[in-house]
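What follows is the residue order along each chain.
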Amino acid sequence: MNLLMEAMRSLGAVLLQVVAALLLEELTFGGLVRLFVAPRPGGGKGGEHNQQRNRKKGERRCSH
């Protein structure tokens, strides 16, 4: 019984390190960072896109 308890403790310690490393890797290099730094819809500049939508057909942007 003691052998089983010792094996569970050591396996738990190893798995904790692996899970922590995977979580850190996912937060730094994975897709979760994109969720935090992604532009919010409707926020930010977006001026050029809105200006194109508001122009009448046939109107062009000024060249300078």
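These remarks concern the structure in this document. In this text the structure is predicted, and so the values were computed from the model without any measurement.

Thresholds, definitions, all that
Residues numbered from 1 in each chain as written. Predicted model: local features only at pLDDT ≥ 70, side-chain atom pairs only at ≥ 80, totals over all residues. Heavy atoms only, no water. Helix = DSSP H or I, 4+ residues; strand = E, 2+ residues; numbered from the N terminus. Buried < 20%, exposed > 50% of the residue type's maximum accessible area, 1.4 Å probe, protein only. Areas by Shrake-Rupley, 256 points an atom, 1.4 Å probe, with all protein chains shown as cover. Salt bridge = Lys/Arg side-chain N within 4 Å of Asp/Glu carboxyl O. Patch = residues over 30% accessible without salt bridge, like charges linked within 9 Å, V, L, I, M, F, W, Y side chains within 5 Å.

What follows deals with the overall build of the protein. Summing up its helical and strand segments, the protein has 3 helices and 0 strands in all. Looking at the protein as a whole, 2% of its 64 residues qualify as buried. Accessible surface, the protein as shown: approximately 6,500 Å² in total, 64% of it carbon and sulfur.

A side chain with one charge may pair with a side chain of the opposite charge, provided their charged atoms come close. Counted under the stated rule, the structure contains 1 salt bridge. Ionic pairing is found between E6 and R9, a salt bridge with its closest N-O pair at 3.6 Å. Highlighted residues: E6 and R9, both in helix α1 (residues 2–29), separated by 3 residues, approximately one helical turn. Exposure remark for E6: the relative accessible area of 46% places this residue in the partly exposed category.

Before going further, it helps to spend a moment on a nonpolar patch on the surface. On the surface, a cluster of nonpolar side chains totalling about 540 Å² of accessible area is made up of L23, L27, L35, F36 and V37. Elements that contribute at least two residues to the nonpolar patch include exactly α1 and α2 (32–37). Here the element with the most residues in the nonpolar patch is α2; it accounts for 3 residues.

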